[in-house]
Amino acid sequence: MGMSIKLFTYLRDNGIDYEEVRHPREVTTSRIAERVHVPGDRLAKAVLVKGDGGYRIAVIPSTCKLDLARLSHMLDERIGLATEAEIESCFRDCDAGALPPLGEPYGMKVCYDDAVATQPEIYFEAGDHKTLVHMSGADFARLMGEAEHGAIARHM
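Let me sum up the structure you'll find in this document. Predicted model, so just to flag it, every value in this text is computed and none were measured.

### A word on the overall build of the chain
- In terms of regular secondary structure, the chain is built from 6 helices and 10 strands.
- A compact globule built from 156 residues should have a C-alpha radius of gyration of about 15 Å, and the chain, at 14 Å, falls within 12% of that.
- Structurally, the chain occupies a C-alpha span of about 40 × 30 × 30 Å along its principal axes.
- Classification of the 156 residues of the chain by burial places 53% in the buried group.
- Residue pairs at least 24 apart in sequence account for 68% of intrachain contacts in the chain once pairs closer than 6 positions are excluded.
- Looking at the chain as shown, the accessible area adds up to about 7700 Å², and 49% of this sits on carbon and sulfur atoms.

### Considering the environment of glycine 103
- In this structure, glycine 103 sits in the loop between α4 (84-90) and β6 (109-113).
- With 41 residues separating them in the primary sequence, glycine 103 and methionine 144 have C-alpha atoms 8.8 Å apart.
- Here glycine 103 is in contact with Ile57, Met108 and Val110, once residues within four sequence places are set aside.

### Section: the nonpolar core
- Within the largest apolar cluster, 31 residues are counted, with the highest numbers of intra-cluster contacts made by Leu11, Leu48, Phe91, Leu102, Phe124 and Phe140.
- Among the elements of the structure, α1 (5-13), β2 (43-51), β3 (54-61), α4, β6, β7 (121-125), β8 (131-136) and α6 (137-144) are those that each provide at least two residues to this core.
- The contact partners of phenylalanine 91, leaving out residues within four places of it in the chain, are Leu48, Ile57, Leu99, Pro100, Tyr106 and Met108.
- Counting 12 residues, the second largest nonpolar core, distinct from the first, contains Val47, Cys64, Ile152 and Ala153.

Parameters and conventions
Residues numbered from 1 in each chain as written. Predicted model: local features only at pLDDT ≥ 70, side-chain atom pairs only at ≥ 80, totals over all residues. Heavy atoms only, no water. Helix = DSSP H or I, 4+ residues; strand = E, 2+ residues; numbered from the N terminus. Rg over C-alpha atoms; globule rule 2.2 N^0.38 Å. Buried < 20%, exposed > 50% of the residue type's maximum accessible area, 1.4 Å probe, protein only. Contact = heavy atoms within 4.5 Å. Areas by Shrake-Rupley, 256 points an atom, 1.4 Å probe, with all protein chains shown as cover. Core = buried A, V, L, I, M, F, W, Y, C linked by side-chain atoms within 4.5 Å.

Right, dumping it as structure tokens:
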């Protein structure tokens, strides 16, 4: 499958310098980081959540779990995990569970853990289980724009 068309178009339209990193098929971010020899805190994991305001992508380091209570408090709304069916419906051009952490191409808001923003470089799923996008932390921060952020992750 390769990179999602929406993601490719979004990165191109925003003039982002990136590289695609191919890897053997894996479905967990911890295994992907291990396979491509990337520190787990530099691999951003996207989690689709549903709240009072609709769907939102929460972005956390792959070494962490999303803390729904902290996220709910930060956003001041009830938050829960989206179902597999909801994820597939929102990310039709991606393999199940391989969603990218950028919301704009999918018409969604994003929030992220502060630890993601401090990385010098970021890797993330490109829409399938065999490709990562690698870019500078500065470019990733630029794409996050004014997204809400805070301490929404906890180490596993």
